[in-house]
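Okay, here's what each chain looks like letter by letter:
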Amino acid sequence: MEMNPLTHSGHGFEELTMRWKTIAQDLDLKETVISEEGGYEVFAFENQCAVPRCEAGGLYVSSGVHGDECAPPWSLLQWVETEPAILNSKPVVIFPCLNPHGFVENTRHDHSGMDLNRNFQDENVPLIGRWQDFLEDREFDLAVNLHEDYDALGIYLYEIVRTQSRGDQLLSACSEVIRRETAAMVDGSEFENGLLSHETKDADLKRVVDEDLEGGCPEAIWLAMHHATDTFTFESPSEMALETRVAAHQRFLEEVTAGLL
Ligand SMILES: [Zn+2]
């Protein structure tokens, strides 16, 4: 894969927003501002198939929940700038940067010091409440969350699937850009060659949230319980070169959405 040399700061929210507005106009994506808490706008973009909710299924994708993980928002933007075919065939909902304050400040938490990714069950958090309203009644074939990990040495993937596992194949494709994580324990969970696969029932997910996460629901689990058939959380090692990490996430988006076309 060809890697674009950097022309911007990794945390330049203004540049990110400007490019999103340009591509959204070119591709006729509808823009919604769901929050301005913390002094920055949190955008959602959706294609015309998604707007009238004429069709179920399709794709949900978000990035930037953790502001110190800056490759994913750029990769999501660059992927959309390639005008992927899925935008013409299936409903697509995109949250390009869910925590712009953290993105600008290079910090995991939002403006109030909260880790949003342990609060997706809490409609009293203004951003989360509006995010939940925006997604109400929507059902996707596929939900994708893009993250990074400063302890990791390779890429890894959490998958929550009701169809069949594709994680191994997806990681394998992306390992052409960054190698797979080989550690048996990653961020407190057991992985196998970079993959943690839940082929699971809703009850099991609820137990994970209640017992392992003390009630703090990550975005991926909320999506898996309420909105998506299959959910993937892809992680890259955030101490690697930004261009390489961006390329890895972009490759992941290409591979994971190829199955939907
Ligand atoms: Zn993260």
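Further up the page is the structure itself.
Analysis parameters
- Residues numbered from 1 in each chain as written.
- Predicted model: local features only at pLDDT ≥ 70, side-chain atom pairs only at ≥ 80, totals over all residues.
- Heavy atoms only, no water.
- Buried < 20%, exposed > 50% of the residue type's maximum accessible area, 1.4 Å probe, protein only.
- Helix = DSSP H or I, 4+ residues; strand = E, 2+ residues; numbered from the N terminus.
- Contact = heavy atoms within 4.5 Å.
- Donors = N, O, S within 2.8 Å, 3.2 Å for Na, K, Ca; no water.
- Tetrahedral: all angles 85-135°; square planar, octahedral: opposite > 155°, others 65-115°.
- Pairing = 2+ DSSP bridges.
- Axes fitted to C-alpha atoms, helices over the stretch in contact; angles between N-to-C directions.
- Arc of directions from axis to C-beta.

Chemist: In this structure, what is going on with unusual backbone geometry? I would like to understand it.
Modeler: In terms of backbone geometry, most residues other than glycine have negative phi values and most peptide bonds are trans. Positioned with a positive phi, aspartate 137 is a non-glycine residue whose angle comes to about 70°. Given a relative accessible area of 70%, aspartate 137 falls into the exposed group. With a phi angle near 50°, glutamate 214 is a residue other than glycine that sits in the positive phi range. With respect to the element layout, glutamate 214 can be found in the loop between α6 (202-212) and α7 (219-226).

Chemist: How should the environment of proline 218 be read in this particular structure?
Modeler: With respect to the element layout, proline 218 can be found in the loop between α6 and α7. In the structure, proline 218 is positioned 60 residues away from tyrosine 158 in sequence and 12 Å away in space, judged by C-alpha atoms. In this view, proline 218 contacts Asn117, Arg118, Phe120 and Leu213; residues no more than four positions away in its chain are not counted.

Chemist: Please clarify how the coordination of the zinc ion should be interpreted in this entry.
Modeler: Geometrically, a metal with four donors at the corners of a regular tetrahedron has ideal angles of 109.5 degrees, and one with six donors at the corners of a regular octahedron has ideal angles of 90 or 180 degrees. Binding of the zinc ion to the protein goes through His66 (ND1), Glu69 (OE), Glu69 (OE) and His147 (ND1), at separations of 2.0 to 2.3 Å. Viewed at the metal, the four donor atoms of the zinc ion are separated by angles of 57 to 149°, and the geometry they form is irregular. Each donor residue of the zinc ion lies on one chain, and together they are spaced H-x2-E-x77-H. For histidine 66, a relative accessible area of 4% translates into the label buried. Exposure remark for glutamate 69: the relative accessible area of 6% places this residue in the buried category.

Chemist: Even after reading the chapter, I still don't get the sheet that holds strand β2 (residues 42-46), so can you show me in this structure?
Modeler: Strands belonging to one sheet form pairs held by backbone hydrogen bonds; the direction of such a pair is parallel or antiparallel. Strand order in the open sheet made by the eight strands is β1-β2-β4-β3-β5-β10-β6-β9, with mixed pairing throughout. A strand with exactly one partner marks an edge of an open sheet, and here the two such strands are β1 (30-35) and β9 (195-198). Looking at each pair of strands side by side, their axes are set apart by 15° on average, direction ignored. Pairing geometry for strand β5 (residues 140-149) and strand β10 (residues 228-237), over nine bridges, is parallel.

Chemist: Help me understand α6 in this model?
Modeler: The α-helix advances 3.6 residues per turn, and as a result positions three or four apart in sequence lie on the same side. The set of residues buried in α6 consists of Leu205, Val208 and Val209. For α6, the angular spread of the buried residues around the axis is 90°, confining them to a single face. Turned more than 90 degrees away from the buried face of α6, the exposed residues are Ala203 and Glu211. In the core, the buried residues of α6 are packed alongside β6 (156-160), β9 and α7.

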